[in-house]
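A look at the structure
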Amino acid sequence: MQASVKSVEGLERRLTLEVPAERVVQEVEQRLKSMAGRIRLAGFRPGKVPLKVVKQHYGAQVRQEVEADLTSRAFYEAVQRENLRPAGAPKLELSASGDDKLSFTATFEVYPEVKVQIPSNFTVNKITTTIADSDVDNMIDKLRKQRAAWENADRAAQDGDRVTIDFLGRINGEVFAGGEGKSYPLVLGSKRFIAGFEEQVIGAKLGEHREVAVTFPQAYQNQELAGKAAIFSVTVQRIEGPKLPSLEDPEFLRSLGVTEGGLAALRKDVHDSMQRELDQTLSNQVKQDALDKLLAANPIALPSALVETEIQQMADQARQSMGMQGQQPVTDEIRAVFIEGARRRVALGLLVGELVRAQGFRADPERVRARIDALAASYEDPSAVIEWYQKDRSRLSGVEALVLEDQVIEWLLSQAKVETVTKGFDAVMAEPGRA
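Read on for a plain summary of the structure. (Residues numbered from 1 in each chain as written. Predicted model: local features only at pLDDT ≥ 70, side-chain atom pairs only at ≥ 80, totals over all residues. Heavy atoms only, no water.)

1. Looking at the overall build of the protein chain
Of regular secondary structure, the protein chain possesses 12 helices and 11 strands. Taking 435 residues into account, the globule formula puts the C-alpha radius of gyration at 22 Å, and the protein chain, at 32 Å, lies well above it. Put simply, 67% of the contacts in the protein chain that link residues at least 6 apart link residues at least 24 apart. Total accessible area on the protein chain is roughly 26,000 Å²; 48% of this is exposed by carbon and sulfur atoms. (Helix = DSSP H or I, 4+ residues; strand = E, 2+ residues; numbered from the N terminus. Rg over C-alpha atoms; globule rule 2.2 N^0.38 Å. Contact = heavy atoms within 4.5 Å. Areas by Shrake-Rupley, 256 points an atom, 1.4 Å probe, with all protein chains shown as cover.)

The following block contains the structure:
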């Protein structure tokens, strides 16, 4: 088998291959002979069909099958011999040939060579904060608002009110499907509607009619509406203000799992819950900062095939989070929304993978078990969840990958200068997450 490799541009390679005619003919002949003992044709006894007849009936089909198999095998034999690491499936093109030899080109991208550098000024910020009594008060107020009763309000609508509205949406003056609602209850400030809609209803009075102008986001689940401007005719049918439950109300306390101890017990439970969430957030943020700094210090070329695969996965995850099933083709609009996050994920995957290899990390079995135990703890039957992970290698591998990433982060922090930054609880919790 003859093979030649040419660098096209960046990480793209073009591999030209030629499989000798004798190998192709031999493979075709072997398959036809194998078929001769199995096929049934009118006028011949089973297993007695002459090879010439078999070739007349099935020769072209078998040739196609052989070409497909030999092309695949020849490609992977060649990339192994040439020490190439394809990133994604190759684009194969057969060359026209008058004889029995098989010639084709395979165009593909390769993984970049990755060598992680940790600069001498590698610095990671570690955020510290404490939960003040006022933070607990604010959280309890949020819990009270979530359990608020509603009473009619004889005034203009305010942020936090529940308004009952009729609405009808138009795009370019035309009513569109799904853009109409009757007696629809909406809590202003809940961000359940398109950005800008709820804000324009604030200040409206009972019975008032308003024209609300909004623009659907580019990543909107209904692609027919994505990125388009719309006008909603809105009429306010009812305005209700929240009536918060008393802190001493036994029913309110029971709804939060407090059966004894009253307000003091509630404050302790809320504080403990906030502390657990804070600890997780601080851990995520220091991890995030370390990975950001690692990425900035090690720019690498990325195979577009890996980025496109990641974009598709992110788009599918977004659809699933909205209760939508199936896979949707990636449009230019969807690609624009996810491409930066996808590039970041791919780059970090390559860098972290290289650190795992270079440092010889192995997932600590005790930490893997502890991670599974933590994941299972929130379920009614933790033992069943633990068994579910342990019985499936792919699930267990997913947990091992998380543990390996934690080990990499710990190593990075050991190499970095850690600077402490103090922030308030609300500021820490308001920090945006990153995929």
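2. Remarks on the packing of helix 8 (residues 332-359) against helix 11 (residues 393-415)
Helix 11 packs onto helix 8 with a crossing angle of 80° between their chain directions and a minimal axis gap of 10 Å. On the basis of their axis angle, the class for helix 8 and helix 11 is roughly perpendicular. Of the residues in helix 11, those touching helix 8 at Val352, Leu355, Val356 and Gln359 are Leu404, Val408, Trp411 and Leu412. In the contact of helix 8 with helix 11, the residues fall into seven nonpolar, one polar and no charged. (Axes fitted to C-alpha atoms, helices over the stretch in contact; angles between N-to-C directions. Parallel < 35°, antiparallel > 145°, perpendicular 65-115°, else oblique. Nonpolar A, V, L, I, M, F, W, Y, C, P; charged D, E, K, R; others polar.)

3. A closer look at the side chain of Gln407
Looking at the element boundaries, Gln407 is found in helix 11. By relative accessible area, which is 11% here, Gln407 ends up buried. Setting aside residues no more than four positions away along its own chain, Gln407 makes contact with Phe361, Arg362, Ala363, Asp364 and Arg367. (Buried < 20%, exposed > 50% of the residue type's maximum accessible area, 1.4 Å probe, protein only.)

4. Considering the sheet that holds strand 2 (residues 12-19)
On the basis of which strands lie adjacent, the open sheet formed by four strands has the order 1-2-4-3 and antiparallel pairing. Edge positions in the open sheet fall to strand 1 (2-7) and strand 3 (91-94), since each of these has one partner strand only. Taking each pair of neighbouring strands and ignoring which way they run, the sheet shows an average axis angle of 15°. As defined by bridge partners, strand 3 adjoins strand 4 (residues 102-109) across four bridges and the pair is classed as antiparallel. Looking at strand 4, one finds that Leu94 is bridged to Phe104. (Pairing = 2+ DSSP bridges.)

5. Some thoughts on the packing of helix 6 (residues 262-297) against helix 8
Between helix 6 and helix 8, the shortest axis-to-axis distance is 10 Å and the interhelical angle comes to 90°. With respect to their mutual orientation, helix 6 and helix 8 come out roughly perpendicular. Across from Gln288, Leu291, Asp292, Leu294 and Leu295 in helix 6, the residues of helix 8 making contact are Arg344, Ala347, Leu348, Leu351, Val352 and Leu355. Broken down by class, the residue content of the contact of helix 6 with helix 8 amounts to eight nonpolar, one polar and two charged.

6. Comments concerning the nonpolar core
The biggest cluster of nonpolar side chains holds 33 residues, and the ones touching the most others in it are Leu294, Leu355, Val408 and Leu412. Taken together, the elements giving at least two residues each to this core come down to helix 6, helix 7 (304-321), helix 8 and helix 11. Looking at this core element by element, the count peaks at 11 residues for helix 8. The residues touching Val408, leaving out its near neighbours within four places in the chain, are Val352, Leu355, Val356 and Phe361. Val28, Leu32, Val54 and Phe108 belong to the second-largest nonpolar core, a separate cluster that totals 27 residues. (Core = buried A, V, L, I, M, F, W, Y, C linked by side-chain atoms within 4.5 Å.)

7. Things to note about the pattern of salt bridges
Counting across every chain of the model gives 28 salt bridges. In this structure, the salt-bridge partner of Glu27 is Arg73, at a minimum N-O distance of 3.6 Å. You can see Glu27 sitting in helix 1 (residues 21-36) and its partner Arg73 sitting in helix 2 (residues 51-81), a full 46 residues away along the chain. Residue class for Arg73 comes out partly exposed when judged on its relative accessible area of 35%. With a closest N to O distance of 3.0 Å, Lys55 and Glu29 form a salt bridge. Of this pair, Lys55 sits in helix 2 while Glu29 sits in helix 1; the two residues are 26 residues apart in sequence, bridging distant segments of the chain. Residue classification places Glu29 among the partly exposed positions, given a relative accessible area of 22%. Salt bridges sharing partners connect three or more residues here, namely Glu27, Arg31, Asp69 and Arg73. (Salt bridge = Lys/Arg side-chain N within 4 Å of Asp/Glu carboxyl O.)

8. Digging into the pairing of strand 11 (residues 417-422)
Across the six residues that make up strand 11, only a small minority, zero, are buried. Pairing between strand 5 (residues 123-128) and strand 11: six bridges, direction parallel. Counted as the bridge partner of Thr128 is Thr422 from strand 11.

9. So, unusual backbone geometry
At Asn83, a position not held by glycine, the phi torsion is positive, near 55°. With a phi angle near 50°, Ser183 is a residue other than glycine that sits in the positive phi range. Looking at where Ser183 falls in the secondary structure, it is placed in strand 8 (residues 174-187).

10. Some points on helix 10 (residues 382-391)
Buried within helix 10 we find Val385, Ile386 and Tyr389. Mapping the buried residues of helix 10 onto a view down its axis gives an arc of 100°, with all of them on the same face. Next to the buried residues of helix 10 lie helix 9 (365-376) and helix 11. (Arc of directions from axis to C-beta.)

11. Points about helix 2
Between its first and last C-alpha, helix 2 extends only 36 Å over 31 residues, short of the 45 Å set by a 1.5 Å rise per residue. Bending of helix 2 peaks at approximately 70° at the position of Tyr58. The positive-phi residue at the C-terminal boundary of helix 2 is Asn83, with phi of around 55°. (Expected span 1.5 Å × (residues − 1). Bend = angle between axes of the 7 residues up to and from the residue.)

12. A closer look at the side chain of Glu67
Along the chain, Glu67 falls in helix 2. If we ignore the near neighbours within four places in the chain, the residues touching Glu67 are Leu94 and Leu102.

Treat this as a map of the structure, not an account of what it does.
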